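Structural description and commentary
Single-letter residue listing:
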Amino acid sequence: MTDLVLSETRDEVAVLTLNRPDKLNALNYAMIDRLLGLLDHLEVDGGVRAVILTGAGDRAFSAGGDIHEFSASVALGADIAMRDFVMRGQRLTSRLEAFRKPVIAAVNGIAFGGGCEITEAVPLAIASDRAMFAKPEINLAMPPTFGGTQRLPRLAGRKRALELLLTGDWFPAARALEIGLVNQVVPHGDLMPAAFDLARRILRRSGLAVASILTAVARGHHLSIADGLLVEAEQFARMVPTADLRDGLDAWIRRPKPGHDGSWTHIARPDEARRRSLALDRTMSSAHD
């Protein structure tokens, strides 16, 4: 049986690939359950510090929910449809939004419906210049159900979001960038390298600090500024006893004071300046040992 979500880890970055390319990576119930299970595993895996989520094939990130499966649930009544479809999808997007490691969506094609809602929920997203987005649920005579009526207005603003929600019109990657749905748009062939580059830039930082920032933003985003500041302070307090904060402060304090000699050497010869800086760091580190 084909694995509905492929998983591999490279250099502390897990790549999860939605794997129903013949169905445009539509989110059936089994795929959502598999993805939730993998997220549970990766969150406690010390060898993984970031996650990239993408779609198999060149056509789609995800075309949204599996309509045939969803339709069968609707036929059984509202309670069944709510349990099987709505709550399952909302669990997924809420899990992605609150994940304590950075999740980067690498949107490689169509991101309609639930695929767009995943993009809304993850903290970071990069889109191929071939990517297309849409909120087409209105065409089925229903609202979005994986959080689209709540997250998109917070990202794009109420009026811009309502235009997309009420018309169901598709929009290109450039528009997704304009409204804040994605962080970057890159040529299609550069998508995964760009996602890995973003992940590596984050992995240079303290994993504990990254988790604290993700948590503070996820929990505080929908609160008043006063309540959000309490969340921020709480996350700072959690960092105070950590070695990461002590090391970060010590490294900053040990930095030599800049010698302003009035020259442009540090710009004209950056390689030499970097070599001297690294040598000085090693000397100071040895002195403290």
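Refer to the preceding data block for the structure.
Figured I'd write up the structure that's included with this text. (Residues numbered from 1 in each chain as written. Predicted model: local features only at pLDDT ≥ 70, side-chain atom pairs only at ≥ 80, totals over all residues. Heavy atoms only, no water.)

Some points on the nonpolar core
Counting residues in hydrophobic clusters, the biggest one holds 48 residues, and the most contacted among them are Leu16 and Phe133. Leave out the neighbours within four places in its chain, and Leu16 touches Val5, Leu6, Ser7, Leu35, Leu38, Leu39, Leu42, Val51, Ile52, Leu53 and Thr54. Residues Leu191, Ala195, Ala199 and Ile202 belong to the second largest nonpolar core, which totals 19 residues. (Core = buried A, V, L, I, M, F, W, Y, C linked by side-chain atoms within 4.5 Å. Buried < 20%, exposed > 50% of the residue type's maximum accessible area, 1.4 Å probe, protein only. Contact = heavy atoms within 4.5 Å.)

Remarks on the environment of Gly65
Considering the arrangement of structural elements, one finds Gly65 in the loop between β4 (60-62) and α2 (67-75). A relative accessible area of 17% places Gly65 in the buried class. Sequence spacing of Gly65 and Thr145 is 80 residues, and the spatial spacing of their C-alpha atoms is 9.8 Å. Residues contacting Gly65, with those up to four places away along its chain left out, are Ala26, Leu27, Phe85 and Gly114. (Helix = DSSP H or I, 4+ residues; strand = E, 2+ residues; numbered from the N terminus.)

Comments concerning the environment of Ala81
By secondary structure assignment, the location of Ala81 is in helix α3 (residues 78-98). Sequence-wise, Ala81 and Ser71 are 10 residues apart; in three dimensions their C-alpha atoms are separated by 8.5 Å.

Observations regarding a nonpolar patch on the surface
A cluster of nonpolar side chains, namely Ile138, Leu162 and Leu166, defines an oily patch on the protein surface of about 250 Å² accessible area. As for its placement among the helices and strands, Leu162 is situated in helix α6 (residues 158-167). For Leu162, a relative accessible area of 33% translates into the label partly exposed. (Patch = residues over 30% accessible without salt bridge, like charges linked within 9 Å, V, L, I, M, F, W, Y side chains within 5 Å. Areas by Shrake-Rupley, 256 points an atom, 1.4 Å probe, with all protein chains shown as cover. Salt bridge = Lys/Arg side-chain N within 4 Å of Asp/Glu carboxyl O.)

As for the pairing of strand β2 (residues 13-18)
Here is the key point about a regular strand: its side chains alternate between the two faces of the sheet. Here β2 lies mainly inside the structure; 6 of its 6 residues are buried. Here β2 shows two buried faces, one formed by Val13, Val15 and Thr17 and the other by Ala14, Leu16 and Leu18. Pairing of strand β1 (residues 5-10) with β2, which is carried by 6 bridges, proceeds in the antiparallel orientation. Following the sheet pairing, Thr9 is matched in β2 by Ala14. The hairpin turn running from β1 into β2, its antiparallel successor, is 2 residues long, and Asp11 in that turn takes a positive phi close to 50°. Relative to strand β3 (residues 50-55), β2 runs parallel, the two sharing 6 bridges. Residue pairing across strands places Leu16 opposite Leu53, the latter belonging to β3. For the crossover that starts at β2, traverses helix α1 (residues 29-43) and ends in the parallel β3, the hand is right-handed. (Pairing = 2+ DSSP bridges. Right-handed = clockwise from strand over helix to strand, strands pointing away.)

Structural notes on α6
Taken together, the buried positions of α6 are Ala161, Leu164 and Leu165. Down the axis, α6 shows its buried residues gathered within 95° of arc, on one side only. Away from its buried face, by an angle of more than 90 degrees, α6 presents the exposed residues Lys159 and Leu166. Packed against the buried residues of α6 are α5 (148-156) and β9 (171-172). (Arc of directions from axis to C-beta.)

Some points on unusual backbone geometry
Even without glycine at this site, Asp11 takes up a positive phi of about 50°. Look at Leu24: it is not a glycine, yet its phi comes out positive at around 55°. Here Leu24 shows up in the loop between β2 and α1.

Concerning the pattern of salt bridges
Any two side chains of opposite charge can pair, given that their charged atoms come close. Counted according to the given criterion, the structure contains 13 salt bridges. Arg88 is the partner of Asp33 in a salt bridge, and the nearest nitrogen-oxygen pair spans 2.8 Å. Taken together, the residues span a long stretch of sequence, with Asp33 in helix α1 and Arg88 in helix α3 at a distance of 55 residues. Residues Glu43 and Arg95 are paired through a salt bridge, measuring 2.6 Å at the closest nitrogen-oxygen approach. Of the two residues, Glu43 sits in helix α1 while Arg95 sits in helix α3, which places them 52 residues apart along the sequence. One network of salt bridges, with partners in common, ties together Asp40, Glu43 and Arg95.

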